[in-house]
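Spelled out from the first residue to the last, the chains are:
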Amino acid sequence: MFDVEKLKKESALPPDDLARLEAQLREEFPGDEMMLELHLLRVLIAIKEGWITIDEALAETVNP
């Protein structure tokens, strides 16, 4: 639905960090691909803009 793949590439984040982030979001939104993509999109934009780091994003998805 969203162009998440483009943002993943542009983020230049290591593949293992992206995989961890996506896995954690899948746990939060099981079976809801649109919500998963929306939240992944929001996190990737926040990282790109410098509002948060990948470490903060990963910690936030674990302990919202």
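Residues numbered from 1 in each chain as written. Predicted model: local features only at pLDDT ≥ 70, side-chain atom pairs only at ≥ 80, totals over all residues. Heavy atoms only, no water.

Enquirer: Please clarify how the side chain of E22 should be interpreted in this entry.
Expert: Along the chain, the position of E22 falls in helix α2 (residues 15-28). For E22, a relative accessible area of 18% gives the class buried. A polar side-chain atom of E22 sits 2.7 Å from a polar atom in the side chain of K8. Residue contacts for E22: discarding those within four places in its chain leaves K8, L36 and L40. (Helix = DSSP H or I, 4+ residues; strand = E, 2+ residues; numbered from the N terminus. Buried < 20%, exposed > 50% of the residue type's maximum accessible area, 1.4 Å probe, protein only. Polar contact = N/O pair within 3.5 Å; in protein donor to acceptor, adjacent residues only side chain to side chain. Contact = heavy atoms within 4.5 Å.)

Enquirer: Any chance you could explain the packing of α2 against helix α3 (residues 33-49) here in plain terms?
Expert: Working note: a packed helix pair is described by the angle between its axes plus the distance between those axes. For the pair α2 and α3, interaxial distance at closest approach is 10 Å and the crossing angle is 135°. Between α2 and α3, the interaxial angle falls into the category oblique. The element α2 and its partner α3 pack so that their crossing is right-handed. Within the contact between the two elements, α2 uses L18, L21, E22, L25 and R26 and α3 uses E33, L36, H39, L40, V43 and L44. (Axes fitted to C-alpha atoms, helices over the stretch in contact; angles between N-to-C directions. Parallel < 35°, antiparallel > 145°, perpendicular 65-115°, else oblique. Left-handed = near helix turned anticlockwise from the far one by under 90°.)

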